[in-house]
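# Tertiary structure, described
Chain residues, written in single-letter form:
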Amino acid sequence: MTTHAPAPAPAPTERYLLSADMIADPYGHLDALRDHAPVHWSPLHHAWLVTGYDQVMRCLRDPAVSADRVRPLMDAVPQGAREDAERAFGILSRWMVFNDPPRHRRLRQVFQEAFSARAVARYRAFTEKATRAVLARKATPGRTGDLLADVAKPLPALVFARWLGIPPTDGPSFWYWNTRVADLVLGTAQEESEYRASLQALVSLDDYLGALVARRRAEPGDDLISQVLREGRVGDSVTEEEFVGMLTQMAFAGGETTSNLIANTVLALHTRPDQLAAVRAEPELAQGAVEETLRLDGPSKMSIRTAARDLDLDGRTLRAGDRVFLVTAAANRDPARFPDPGRFDVRRSGATHLGFGFGAHFCIGAALARLVAVAAVRTLVCDHPGLTLADPGRPAWQPSLLNRGLTALPVHY
């Protein structure tokens, strides 16, 4: 009997990834792209869309795929806001995520010890106490509210501010600047006035953290800044300017990613009663719920890279200078890597998801983000059995190419 190879999947129609339907639910289209061709040139986005797990992993490992992407961000700034941009983009150029080895390695090593699982574990008791305090204020039974605004945003803000050593009185300004910086980096700033506000916020954040570093030199505490200063690397392996620039990245990344991870996990569980019941029966499965959210509907959809030189990827030739979208949201649902990839399973084990990246650019703050998210999810699920979604219909998502974050999560506590 003659057997035939299955016919290749038909080429999916080109779709704009920032259209309303793609923001609401990109996964069907991304799955179709991956099944047709895991490395696909998109004329609409003028970029390669890399959607297969193995292909994304290859790019994350290959030095020919560069993380230096400050220039594309600069190019997106409206002409009228360019005069404000020079210093702001100088700051971004010091972020680890926008640098390749060997500079990336040199910058990252400064924070390696402070971000180790052992160092982060010291904040477990504070995180659990902060979680209970936030929920006691906001999640009172019978109340209706927005879980994103009530819990998912303020909790990481409390923990990250304590970890960075931000005095409570400075919190409002600090987090306002962070929100505006997120608009710039995640591409949600659209109007010239929004770009100006975001650029100025990054400069203000850099000035503030520079002054805080000077204060911690004179009056050390038990926070991240004091710890790194004690280790003696600032002024040795990195300049103070580089250190402060990297702190602006830490401040931005910690709050936004963890807030979205908490909200997305709560949404995932409350739309899957069997998985919610499993976590209630075994609270330690809150860790599995967070990991499965990172895989299936995590806070990051993709990262943007540039081909530093010509390279062959899956039989396609990427030319030097080409933009490359590493679509982890598709790679994390690759059936070649994950059995039954569309199923949310808090007991899933096996293949490593790419929700925090991989290799040199694996998220340095992953241990702290996991600590905060697991504490929040476990407490919400196990101590608040009356929590329900107030609007179980289609949730509203932020219009961003890179991140996957709700605009609100209405609930009954």
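This write-up is about the structure you can find in this document. Because the structure is a prediction, the values reported are computed rather than measured. (Residues numbered from 1 in each chain as written. Predicted model: local features only at pLDDT ≥ 70, side-chain atom pairs only at ≥ 80, totals over all residues. Heavy atoms only, no water.)

A count of helical and extended segments in the protein chain gives 18 helices and ten strands. In the protein chain, which comprises 413 residues, the share counted as buried stands at 54%. Within the protein chain, contacts between residues at least 6 apart in sequence are counted, and of these 73% link residues at least 24 apart. Here the protein chain has roughly 17700 Å² of accessible surface; of this, 53% comes from carbon and sulfur atoms. Across the protein chain, the 48 positively charged side chains and the 48 negatively charged ones have centroids separated by 3 Å. (Helix = DSSP H or I, 4+ residues; strand = E, 2+ residues; numbered from the N terminus. Buried < 20%, exposed > 50% of the residue type's maximum accessible area, 1.4 Å probe, protein only. Contact = heavy atoms within 4.5 Å. Areas by Shrake-Rupley, 256 points an atom, 1.4 Å probe, with all protein chains shown as cover. Lys, Arg positive; Asp, Glu negative; His and termini not counted. Charge placed at Lys NZ, Arg CZ, Asp CG, Glu CD.)

What follows covers the pairing of strand S1 (residues 39-42). Where S1 and strand S2 (residues 47-50) come together, four bridges link them in antiparallel fashion. Residue pairing in the sheet places Trp41 in a bridge with Trp48 of S2. The hairpin formed by S1 and S2 contains four residues between the paired strands, and His46 there has a positive phi angle of roughly 50°. (Pairing = 2+ DSSP bridges.)

What follows is about the nonpolar core. If you look at the biggest cluster of nonpolar residues, it comprises 118 residues, and the most contacted ones within it are Phe111 and Phe243. Ranked by residue count, the leading element in this core is helix H14 (residues 240-270), at 14 residues. Not counting residues up to four positions away in its chain, the partners in contact with Phe243 are Val110, Phe111, Val213, Ile225, Val228, Leu229, Val234 and Val238. Of all hydrophobic cores here, the second largest spans 19 residues; its members include Trp48, Ala64, Leu326 and Ala331. (Core = buried A, V, L, I, M, F, W, Y, C linked by side-chain atoms within 4.5 Å.)

Attention now moves to the sheet that holds strand S10 (residues 410-412). An order of S4-S10-S9 is seen for the three strands of this open sheet, with the pairing classed as antiparallel. Of all strands in the sheet, those bounded by a partner on one side alone are strand S4 (144-146) and strand S9 (388-389). Relative to S10, S9 is paired through two bridges, and the arrangement is antiparallel. By the bridge assignment, Leu389 is partnered in S10 with Val411.

The strands making up a sheet are joined through hydrogen bonds of the backbone, oriented either antiparallel or parallel. One open sheet accounts for five strands, arranged S1-S2-S8-S5-S3; its pairing is mixed. Edge positions in the sheet fall to S1 and strand S3 (65-66), since each of these pairs with one other strand and no more. Judged from the four bridges that link them, strand S5 (residues 303-307) and strand S8 (residues 323-326) form a sheet pairing that is antiparallel. Across the sheet, residue Arg305 finds its bridge partner in S8, namely Val324.

For the structure on display, the rule yields twelve aromatic pairs. Geometrically, the ring pair formed by Tyr53 and Phe338 is edge-to-face, given 5.7 Å between the ring centres and 80° between the ring planes. Here Phe338 lies in the loop between helix H17 (328-331) and helix H18 (366-383) and Tyr53 lies in helix H3 (residues 53-61), a separation of 285 residues in the sequence. According to the relative accessible area criterion, Tyr53 is buried, its value standing at 5%. Relative accessible area serves as the criterion here: at 2%, Phe338 is assigned to the buried category. (Phe/Tyr/Trp six-rings, centres within 6.5 Å; stacked < 30°, edge-to-face > 60°.)

Moving on, we get to helix H8 (residues 124-138). Its 15 residues place the ends of H8 21 Å apart at the C-alpha level, agreeing with the 21 Å of an ideal helix rising 1.5 Å per residue. Buried-residue contacts for H8 involve helix H9 (147-152), helix H10 (154-164) and H18. (Expected span 1.5 Å × (residues − 1).)

Taken as a whole and judged by the stated rule, the model has 25 salt bridges. Glu242 serves as the salt-bridge partner of Arg106, at 2.8 Å between the closest nitrogen and oxygen. You can see Arg106 sitting in helix H6 (residues 103-109) and its partner Glu242 sitting in helix H14, a full 136 residues away along the chain. Residue Arg106 is classed as partly exposed on the basis of its relative accessible area of 28%. For Asp150, the salt bridge identified is with Arg143, shortest N-O distance 2.9 Å. Via salt bridges that share partners, Asp31, Arg34 and Asp35 belong to a single interconnected network. (Salt bridge = Lys/Arg side-chain N within 4 Å of Asp/Glu carboxyl O.)

So, on to the environment of Ala331. Position of Ala331 among the secondary structure elements: in helix H17. Residue Ala331 is classed as buried on the basis of its relative accessible area, which comes to 0%. Along the primary structure Ala331 and Ala85 are separated by 246 residues, whereas in three dimensions their C-alpha atoms are 34 Å apart.

With that settled, consider the pairing of S2. For a regular strand, side-chain orientation follows a simple rule: the groups alternate between the two sheet faces. Alternating residues of S2 divide into Ala47 and Leu49 and Trp48 and Val50, and every residue in both groups is buried. When S2 meets S8, the two strands line up parallel, connected through three bridges. Counterpart to Val50 in the pairing with S8 is Leu326.

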